[in-house]
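Summary of structural features
Next come the chains, spelled out residue by residue.
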Amino acid sequence: MKYILFLLGIISCGYFNAQEADNNLQGYFMTNAKETLYPYFAFDGNGKVDIAGYGKGDYFVKNDSLVVFPDKDIFVFKVSKNRLTGISSWVQNTRWDLKKDSLAENNRKDNALAKKNAQLLYEYYRKIRAKSKANNFDKLFDESAMSNYTKTIDDLCTRGLAKACMEKFGLMVMQDAGGMEAVLKNKLKKPKQNPEIIKLGQKIISMGEIEGHTILGSYYHSLGDKSKAEKEWQRAVDKGSMKAGMVQIEAEMSGLQ
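Model, not experiment: these values are computed from the prediction.

Examining the packing of helix α5 (residues 162-176) against helix α8 (residues 211-222)
For the pair α5 and α8, the least separation of the axes is 11 Å and the interaxial angle reads 10°. One element, α5, and the other, α8, form an angle in the roughly parallel class. Packed against α5, whose contacting residues are M166, F169 and V173, the element α8 presents E211, G212, I215, L216 and Y219 at the interface. Of the residues contributing to the contact of α5 with α8, the split by class is 6 nonpolar, 1 polar and 1 charged.

Thoughts on the sheet that holds strand β5 (residues 65-69)
Either a parallel or an antiparallel arrangement is found when strands of a sheet pair, and the pairing is made through backbone hydrogen bonds. Pairing is antiparallel in the closed barrel, where 8 strands are placed in the order β1-β2-β3-β4-β5-β6-β7-β8. Taking the axes of each pair of neighbouring strands and ignoring which way they run, one obtains an average angle of 30° across the sheet. Taken together, the 2 bridges between strand β1 (residues 26-30) and strand β8 (residues 95-98) define a ladder with antiparallel strand orientation. Paired with F29 across the two strands is L98, which belongs to β8. Helix α2 (residues 111-129) contacts β4 (56-62) and β5 of the sheet and is inclined by roughly 90° relative to β4.

Topic: the packing of aromatic side chains
Using the criterion set out here, one finds 17 aromatic pairs in the structure. Each ring, one from F41 and one from F43, has its centre 6.4 Å from the other, and the planes form 25°; the classification is stacked. Each member of the pair, F41 together with F43, is buried. Taking the centre distance of 6.3 Å and the plane angle of 40° together, the rings of F60 and F69 count as tilted. Through successive ring pairs, a cluster of aromatic residues spans F29, Y38, F41, F43, Y54, Y59, F75, F77 and W96. Sitting over the ring of Y122, K62 keeps its end group 4.9 Å from the ring centre.

Considerations on the pattern of salt bridges
Taken as a whole and judged by the stated rule, the model has 12 salt bridges. When the shortest N-O distance is used, the salt bridge between K127 and E123 registers 2.7 Å. Here the residue K127 and the residue E123 both occupy positions in helix α2, the gap between them amounting to 4 residues, near one helical turn. When its relative accessible area of 39% is taken as the criterion, K127 is described as partly exposed. Classification of E123 by relative accessible area gives buried; the value is 11%. For E232, the salt bridge goes to R235, with nearest N and O atoms at 2.9 Å.

What to know about the packing of helix α7 (residues 195-206) against α8
Helices that pack against each other are described as a pair by the angle of their axes relative to one another and the distance between those axes. At a closest axis distance of 8 Å, the pairing of α7 and α8 adopts a crossing angle of 160°. Classified by the interaxial angle, the pair formed by α7 and α8 is roughly antiparallel. In terms of crossing hand, the pair formed by α7 and α8 is left-handed. Note on element contacts: α8 touches α7 through G212, H213, I215, L216, Y219 and Y220, opposite I197, I198, G201, Q202, I204 and I205. Of the residues contributing to the contact of α7 with α8, the split by class is 8 nonpolar, 4 polar and no charged.

Comments concerning helix α4 (residues 143-158)
Taking 1.5 Å of rise per residue, 16 residues should cover 22 Å, and α4 covers 22 Å from first to last C-alpha, within 8% of that figure. Along α4, the positions that sit buried rather than exposed are M146, Y149, T152, I153, L156 and C157. The buried residues of α4 occupy an angular sector of 130° when projected down its axis, which confines them to one face. Facing away from the buried side of α4 by over 90 degrees, the exposed positions are E143, K151 and T158. Phi turns positive, to about 115°, at G160, one or two residues after α4.

Scoring rules and cut-offs
- Residues numbered from 1 in each chain as written.
- Predicted model: local features only at pLDDT ≥ 70, side-chain atom pairs only at ≥ 80, totals over all residues.
- Heavy atoms only, no water.
- Axes fitted to C-alpha atoms, helices over the stretch in contact; angles between N-to-C directions.
- Helix = DSSP H or I, 4+ residues; strand = E, 2+ residues; numbered from the N terminus.
- Parallel < 35°, antiparallel > 145°, perpendicular 65-115°, else oblique.
- Contact = heavy atoms within 4.5 Å.
- Nonpolar A, V, L, I, M, F, W, Y, C, P; charged D, E, K, R; others polar.
- Pairing = 2+ DSSP bridges.
- Phe/Tyr/Trp six-rings, centres within 6.5 Å; stacked < 30°, edge-to-face > 60°.
- Buried < 20%, exposed > 50% of the residue type's maximum accessible area, 1.4 Å probe, protein only.
- Lys NZ or Arg CZ within 6 Å of the ring centre and 35° of its normal.
- Salt bridge = Lys/Arg side-chain N within 4 Å of Asp/Glu carboxyl O.
- Left-handed = near helix turned anticlockwise from the far one by under 90°.
- Expected span 1.5 Å × (residues − 1).
- Arc of directions from axis to C-beta.

Put into structure tokens, the structure is as follows:
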């Protein structure tokens, strides 16, 4: 049950006209603020950011705005030379400065592909997150909003946005489990292996998204295939996923109960 709910959680995750979105910001930004939950952000120059050791998120920069996507929220910063200033909740009024002597890794290898991913992520932000005051969970209760959301996610996934494919994966798992009504009533259907879900998980992995292993592993675990689950989680951990490690620990602890 908890692994189906974990997969469903994947679903819940201004002025931007003059300059194309990009994700080439690279470096280790630190703050001296003592009360913040996020002492540093390490950007890899290729669309992934280490969020203070909690996990990795996606990001893009457009004009002087930086948008970061942690697990289920959005952080917005103003970029000014070597400084980030938080302007959204959780990061508001805190400043992070570039640590010039840091050894933050630059993972940018295909500039055209990286820019395409940044522009698709900006489109995701503009169509799904920026215009909506409701979060993705609230959309599940609005038939019209859910229809538009599903179409947009499917389109962005088809065009190559891994984040959109991750959310599509969660939607497919929810549908197989009986939909939102089954979730709310705690009457989830017993999961049966769906080749299309597995195929999508493998597609996400082929797109270079290491968390594809994490969600595919959780899907296998929900099917009762613990061996395949562990293999996928370990592959994610080996590639640097912090989330997969936490899921592994949770599975081990639940197995002892």
